[in-house]
Amino acid sequence: MQPKMVVFDLGGVLIDWNPRYLYRKIFNREEDMEYFLREIASPDWNEEQDGGRPLAVATESLVAQFPDFENEIRAFYGRWDEMLGGPFHETVSLLHDLKHSGQYPLYALTNWSAETWPVAWNQFEFLQWFDGILVSGAEKMRKPFPAFYQALEDRFQCSLSETLFIDDNERNIQAAQALGMQTWLFRSPADCQPLRAWLL
């Protein structure tokens with residue numbers, strides 16, 4: 001079924017965000033960096049900030065727990081902009097063409113800290129092409145929790161069953177499917193070609 005609205009995730013789909021861009025400058029050994037990002041500044045810890053926890057609270061809590069890694073922990077948000085690798089140009093081109101086709105309202109549903117969001121907003125002009133963006137840190141809810149997806153209906157008067165959701169996280173895709181959304185699991189910018197053929 002052809003969707004009537006298209007919703008993009010941002011990190012991993014339109015924006016190349018990866019903490020390794022920063023931490024390869026800090027750690028001499030790849031295995032030490034991977035341990036830090038898995039066991040200390042972990043994805044679960046980072047998601048709490050995506051859900052609205054203040055960065056200062058998160059940082060001080062982690063430093064208290066792992067004082068031997070204080071400098072590395074403080075770098076996570078102190079040098080957060082160094083984690084941004086730039087846009088995925090193929091996906092930005094697809095977004096551009098969808099925007100100019102006028103066929104679909106375009107929205108973004110992103111897990112992102114409200115405090116780091118202004119950095120991305122000021123850096124990536126294409127974010128202004130969306131008709132609306134829901135930022136998890138500002139909304140105090142995040143994917144994969146159903147309420148965050150349902151906020152699309154409440155805010156933008158759309159039907160989730162008529163919406164295509166594009167995300168690089170399988171957990172988020174499964175949650176969207178459970179709510180009746182059409183989905184596309186984004187694996188790489190090469191996915192833009194079949195998406196373009198479907199939508200345009």
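These remarks concern the structure in this document. (Residues numbered from 1 in each chain as written. Predicted model: local features only at pLDDT ≥ 70, side-chain atom pairs only at ≥ 80, totals over all residues. Heavy atoms only, no water.)

Some remarks on the packing of aromatic side chains
In this description, a pair of aromatic rings is defined by centroid distance and the angle of the planes. Enumeration over the complete set of coordinates arrives at 17 aromatic pairs. Ring centres 5.0 Å apart and planes at 45° place the aromatic pair Tyr23 and Phe36 in the tilted group. Here the residue Tyr23 occupies a position in helix 1 (residues 20-23), and Phe36 occupies one in helix 2 (residues 30-40), the gap between them amounting to 13 residues. An identical accessibility class is assigned to Tyr23 and Phe36; each is buried. Members of the aromatic cluster, joined through ring pairs, are Tyr23, Phe27, Phe36, Trp45, Phe69, Phe76 and Tyr77. (Phe/Tyr/Trp six-rings, centres within 6.5 Å; stacked < 30°, edge-to-face > 60°. Helix = DSSP H or I, 4+ residues; strand = E, 2+ residues; numbered from the N terminus. Buried < 20%, exposed > 50% of the residue type's maximum accessible area, 1.4 Å probe, protein only.)

Considering the pattern of salt bridges
Under the definition given, this model contains 17 salt bridges. Among the salt bridges present, the one from Lys143 reaches Asp9, with a minimum N-O distance of 2.9 Å. Placement of Lys143 in the loop between helix 8 (136-139) and helix 9 (146-156) and of Asp9 in the loop between strand 1 (5-8) and strand 2 (15-17) is noted, with a sequence separation of 134 residues between them. By relative accessible area, which is 5% here, Asp9 ends up buried. For the salt bridge of Lys99 with Asp131, the shortest nitrogen-to-oxygen distance reads 3.3 Å. Here the residue Lys99 occupies a position in helix 6 (residues 89-101), and Asp131 occupies one in the loop between helix 7 (117-123) and strand 5 (132-135), the gap between them amounting to 32 residues. What emerges from the salt-bridge pattern is a single network uniting Asp9, Lys143 and Asp167. (Salt bridge = Lys/Arg side-chain N within 4 Å of Asp/Glu carboxyl O.)

As for the sheet that holds strand 4 (residues 106-110)
The strand order across the open sheet built from five strands is 5-4-1-6-7, with neighbouring strands paired in parallel fashion. Edge positions in the open sheet fall to strand 5 and strand 7 (182-185), since each of these has one partner strand only. Adjacent strand axes in the sheet meet at a mean angle of 20°, parallel and antiparallel pairs treated alike. Alignment of strand 1 against strand 6 (residues 163-167), held across four bridges, turns out to be parallel. Note on strand 6: the bridge partner recorded for Phe8 is Ile166. Contacts from helix 9 reach strand 1, strand 4, strand 5 and strand 6 within the one sheet, and its direction differs from that of strand 5 by about 145°. (Pairing = 2+ DSSP bridges. Axes fitted to C-alpha atoms, helices over the stretch in contact; angles between N-to-C directions. Contact = heavy atoms within 4.5 Å.)

Comments concerning the nonpolar core
One finds Phe8 and Tyr23 to be the most contacted residues of the largest nonpolar core, which totals 47 residues. Apart from the residues within four sequence positions on either side, Tyr23 is in contact with Met33, Phe36, Leu37, Glu72, Ile73, Ala75, Phe76 and Met83. (Core = buried A, V, L, I, M, F, W, Y, C linked by side-chain atoms within 4.5 Å.)

Topic: helix 4 (residues 55-65)
Residues that lie three or four places apart on an α-helix share one face, since the helix turns once every 3.6 residues. Within the sequence span of helix 4, burial applies to Leu55, Ala58, Thr59, Leu62 and Val63. One side of helix 4 carries all its buried residues, which in axial view fall inside an arc of 125°. Looking at helix 4, the residues exposed on the side facing more than 90 degrees away from the buried face are Ala56, Ala64 and Gln65. Looking at the buried residues of helix 4, the elements they touch are helix 2, helix 3 (43-50) and helix 5 (70-78). (Arc of directions from axis to C-beta.)

Side note on the pairing of strand 5
Judged from the four bridges that link them, strand 4 and strand 5 form a sheet pairing that is parallel. In the strand pairing of strand 5, Ala108 is matched with Ile133. In terms of handedness, the path from strand 4 via helix 7 over to strand 5 forms a crossover that is right-handed. (Right-handed = clockwise from strand over helix to strand, strands pointing away.)

A few points about the side chain of Thr163
Following the sequence through the fold, Thr163 ends up in strand 6. For Thr163, a relative accessible area of 0% translates into the label buried. Separated by 2.9 Å, the side chain of Thr163 and the backbone oxygen of Ser159 make a polar contact. Ignoring any residue separated from it by four or fewer positions in sequence, one finds Thr163 in contact with Pro3, Met5, Val7, Cys158, Met181 and Gln182. (Polar contact = N/O pair within 3.5 Å; in protein donor to acceptor, adjacent residues only side chain to side chain.)

Observations regarding the side chain of Asn111
Looking at the element boundaries, Asn111 is found in the loop between strand 4 and helix 7. Judged by its relative accessible area of 16%, Asn111 is buried. Side-chain polar atoms of Asn111 contact the backbone nitrogen of Lys143, separated by 2.9 Å. Setting aside anything within four residues of it in sequence, one finds Asn111 in contact with Asp50, Ser136, Arg142, Lys143 and Phe148.

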